[in-house]
Amino acid sequence: MRPVRVLVHLNNLALGGAQLNAVDIARTLRERGHDPVLFAQGVDGSAPLVDVAAGHGLEVVVAGGPDTPHREVRRRLGRVAADHGSDLVHAWEVRAARNAYFGPGRLGRIPVVTTFYGIRMLRGLPRHQPLVLGLGALMGDGRAFGHRDVRLIEPPVNTVTDAPGVADGAAFRREHGIKDGELLLAIVTRLVPDLEKDAGAELTVDAVRRLDDPNVRLVVVGAGPSLDRLRVRAADANRALGRDAVLVPGQLADPRPAYEAADLVLGMGGSALRGLAFGKPVVVHGAAGYTAIHRPGPLVEPHASRCMYGFGDGSRDPGVLAGQIRELLDDPALREELGRWGREWVVGRFSLAGVASAFERIYREVLSAPPGTAGWLRDLEQMVRYEFTKPAALRLLGR
């Protein structure tokens, strides 16, 4: 297809799964001759995603700070689209979709494609523009919410850069005092309440404490509002065990050495998929205390359809997770078998090259038959309701 000038509106600048997916896809599209430019609203503090994108040679335009009014963000988004000569806008998540709809996409002047990689379908997205979902479990909800063009493209994994041997796991272990004979559990996550990511890390700390095995260490790589609370929990566990069993070093711009160093990876979403890409056995985290070993059998499709996520019974019993960890750590052959199978599964189903090709096809379809003004106007009433009317009513009600 002819080169496409695509304006990629990121959800935010945190090192989260959707944002890293957007950067990886943009980089791959640029390598294929397209011209992507990235746009995002600023955040408080550092914005490591800007450095990650720059490392791939991608331009990121940052529009103000987190308190910049939506109207100004949209004005700047429109200016970037004009300066770039964008053929279309690729919006990631809800706020970006609304900015694109009321900004450069206003009156259908530029087509908009929206990608939503959340685990629960949300209202307030344009229904007459292509909507790409990352979870097969949400396809029915997307149609029930009135979306006319819903596609499934599961989140990608760069199985070339995320692969056994590409990072120095031995150096990571030395840096953090992990001995050769010790078994390392690794979690790479954003420490936030969203999706109960922080709860999964906390449950794992409790499970390591329950195991009380001097050969088992846990490292949690990540940052966020729950970081301090997790460090307190880790310190409590270390005092009880009489050793530094749990390490919480914070965020790494490149967490690949942590994956490579691990004997077992725990987590959800893109982090769990990256663990599999590194050839590691994975325990999947989820809501309400959900944990399960990702292995061949009945859980494969439920995990895949929810992007490596699950829903527990609310018990949050660290003993259950401790038992799953124990099963894997006590059986090196099982770890090797699951690591090999998981790597093959990810390469076959979630490769970045295949995902980039799927987005190329969508871009081609949209540019050949853009929704135009008529499609934009069909969404106007509900977009105004969710953007202006509903928030104003909630403010009047004091909510």
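Residues numbered from 1 in each chain as written. Predicted model: local features only at pLDDT ≥ 70, side-chain atom pairs only at ≥ 80, totals over all residues. Heavy atoms only, no water.

## Here we look at the overall build of the protein
Here is step 1 of the chain: Of the regular secondary structure elements, the protein holds 16 helices and 13 strands.
Here is step 2 of the chain: Expected size for 399 residues packed as a compact globule is a radius of gyration near 21 Å; at 22 Å, the protein falls within 12% of this value.
Here is step 3 of the chain: Taking the principal axes of its C-alpha atoms as reference, the protein extends roughly 65 × 50 × 40 Å.
Here is step 4 of the chain: Put simply, the protein has 399 residues, and 55% of those count as buried.
Here is step 5 of the chain: Counted over contacts in the protein with a minimum sequence separation of 6, partners at least 24 positions apart contribute 70%.
Here is step 6 of the chain: Accessible area of the protein: about 16600 Å², with a carbon and sulfur share of 51%.
Here is step 7 of the chain: Positive and negative side-chain charges in the protein, numbering 51 and 46 respectively, have mean positions lying 7 Å apart. (Helix = DSSP H or I, 4+ residues; strand = E, 2+ residues; numbered from the N terminus. Rg over C-alpha atoms; globule rule 2.2 N^0.38 Å. Buried < 20%, exposed > 50% of the residue type's maximum accessible area, 1.4 Å probe, protein only. Contact = heavy atoms within 4.5 Å. Areas by Shrake-Rupley, 256 points an atom, 1.4 Å probe, with all protein chains shown as cover. Lys, Arg positive; Asp, Glu negative; His and termini not counted. Charge placed at Lys NZ, Arg CZ, Asp CG, Glu CD.)

## Points about the pattern of salt bridges
Here is step 1 of the chain: A complete count under the given rule lists 30 salt bridges for this structure.
Here is step 2 of the chain: Note that Glu360 is salt-bridged to Arg32, the shortest N-O span being 2.8 Å. Of this pair, Glu360 sits in helix α14 (residues 352-368) while Arg32 sits in the loop between α1 (17-31) and β2 (35-41), and the two are 328 residues apart along the sequence.
Here is step 3 of the chain: Glu360 sits in the buried class, given a relative accessible area of 13%.
Here is step 4 of the chain: Linking Arg385 and Glu381 is a salt bridge whose minimum nitrogen-to-oxygen distance equals 2.7 Å. In this pair, Arg385 and Glu381 both sit in helix α16 (residues 380-396), four residues apart, roughly one turn of the helix.
Here is step 5 of the chain: When its relative accessible area of 32% is taken as the criterion, Arg385 is described as partly exposed.
Here is step 6 of the chain: We classify Glu381 as exposed; its relative accessible area is 53%.
Here is step 7 of the chain: One salt-bridge network, held together by shared partners, links Asp198, Glu202, Asp206, Arg229 and Arg233. (Salt bridge = Lys/Arg side-chain N within 4 Å of Asp/Glu carboxyl O.)

## A few points about α1
Here is step 1 of the chain: The first and last C-alpha atoms of α1 sit 21 Å apart over 15 residues, in line with the 21 Å expected at 1.5 Å per residue.
Here is step 2 of the chain: Burial analysis of α1 places eleven of its 15 residues in the buried class, which makes it a mostly covered element.
Here is step 3 of the chain: Those residues of α1 that fall on the buried side of the exposure criterion are Ala18, Gln19, Asn21, Ala22, Val23, Asp24, Ile25, Ala26, Arg27, Thr28 and Leu29.
Here is step 4 of the chain: Buried residues belonging to α1 abut β1 (5-9), β2, α2 (48-55), β4 (88-92) and α14. (Expected span 1.5 Å × (residues − 1).)

## Topic: the nonpolar core
Here is step 1 of the chain: Leu7, Leu133, Leu273, Trp345 and Val346 are the most contacted members of the largest nonpolar core, which totals 60 residues.
Here is step 2 of the chain: Each residue touching Val346, except ones within four places of it in the same chain, is listed here: Val157, Thr159, Leu273, Leu276, Ala277 and Ser351.
Here is step 3 of the chain: Within the second largest apolar cluster, 33 residues are counted, among which are Leu10, Val23, Val60 and Val113. (Core = buried A, V, L, I, M, F, W, Y, C linked by side-chain atoms within 4.5 Å.)

## Remarks on the sheet that holds strand β13 (residues 291-293)
Here is step 1 of the chain: Ordered by their spatial adjacency, six strands build an open sheet running β10-β9-β8-β11-β12-β13, and the pairing between neighbours is mixed. Single-partner strands in this sheet number two, and they are β10 (246-250) and β13. Each adjacent strand pair in this sheet contributes to an overall mean axis angle of 20 degrees, direction not counted.
Here is step 2 of the chain: With six bridges joining them, strand β8 (residues 183-188) and strand β9 (residues 216-221) adopt parallel strand pairing. Bridging from a neighbouring strand, Leu185 pairs with Leu218 of β9.
Here is step 3 of the chain: Its contacts with the sheet place helix α7 (residues 197-211) against β8, β9, β10, β11 (264-267), β12 (282-285) and β13, and it is angled at close to 165 degrees to β9.
Here is step 4 of the chain: Each of β9 and β10 is contacted by helix α8 (residues 227-241), which is oriented at about 155 degrees to β10, the strand it contacts most. (Pairing = 2+ DSSP bridges. Axes fitted to C-alpha atoms, helices over the stretch in contact; angles between N-to-C directions.)

## Comments concerning the pairing of β11
Here is step 1 of the chain: Both faces of β11 are covered, namely the face carrying Leu264 and Leu266 and the face carrying Val265 and Gly267.
Here is step 2 of the chain: Pairing between β8 and β11: three bridges, direction parallel. Its bridge partner being in β11, Leu185 is matched across the sheet by Leu264.
Here is step 3 of the chain: Of the crossover connections in this fold, the one passing from β11 over helix α10 (residues 269-277) to the parallel β12 is right-handed. (Right-handed = clockwise from strand over helix to strand, strands pointing away.)

## Comments concerning the packing of α10 against helix α13 (residues 332-350)
Here is step 1 of the chain: Axis separation between α10 and α13 bottoms out at 7 Å; the angle between their running directions is 115 degrees. Seen from α10, the contacting residues are Leu273, Leu276 and Ala277; seen from α13, they are Gly339, Gly342, Arg343, Trp345, Val346 and Phe350.

## Observations regarding the environment of Asp51
Here is step 1 of the chain: For Asp51, the position within the fold is in helix α2.
Here is step 2 of the chain: For the pair Asp51 and Ala253, spaced 202 residues apart in sequence, the C-alpha to C-alpha distance is 8.3 Å.

## Overview of the packing of aromatic side chains
Where two aromatic rings form a pair, the distance of their centres and the angle of their planes describe that pair.
Here is step 1 of the chain: Tallied over the entire structure, the rule returns nine aromatic pairs.
Here is step 2 of the chain: Both rings, one in Trp92 and one in Phe359, keep their centres 6.4 Å apart while their planes meet at 45 degrees; by these two values the pair is tilted. Pair noted here: Trp92 is in strand β4 and Phe359 is in helix α14, with a separation of 267 residues, a long-range link.
Here is step 3 of the chain: Note on Phe359: relative accessible area 0%, which makes it buried.
Here is step 4 of the chain: For the ring pair Trp341 and Trp345, a centre distance of 6.0 Å and an interplane angle of 20 degrees mean the geometry is stacked. Of the two residues, Trp341 and Trp345 both sit in helix α13, four residues apart, roughly one turn of that helix.
Here is step 5 of the chain: For Trp345, a relative accessible area of 14% puts it in the buried group.
Here is step 6 of the chain: In this structure an aromatic cluster arises from ring pairing among Trp92, Tyr117, Phe359 and Tyr363. (Phe/Tyr/Trp six-rings, centres within 6.5 Å; stacked < 30°, edge-to-face > 60°.)

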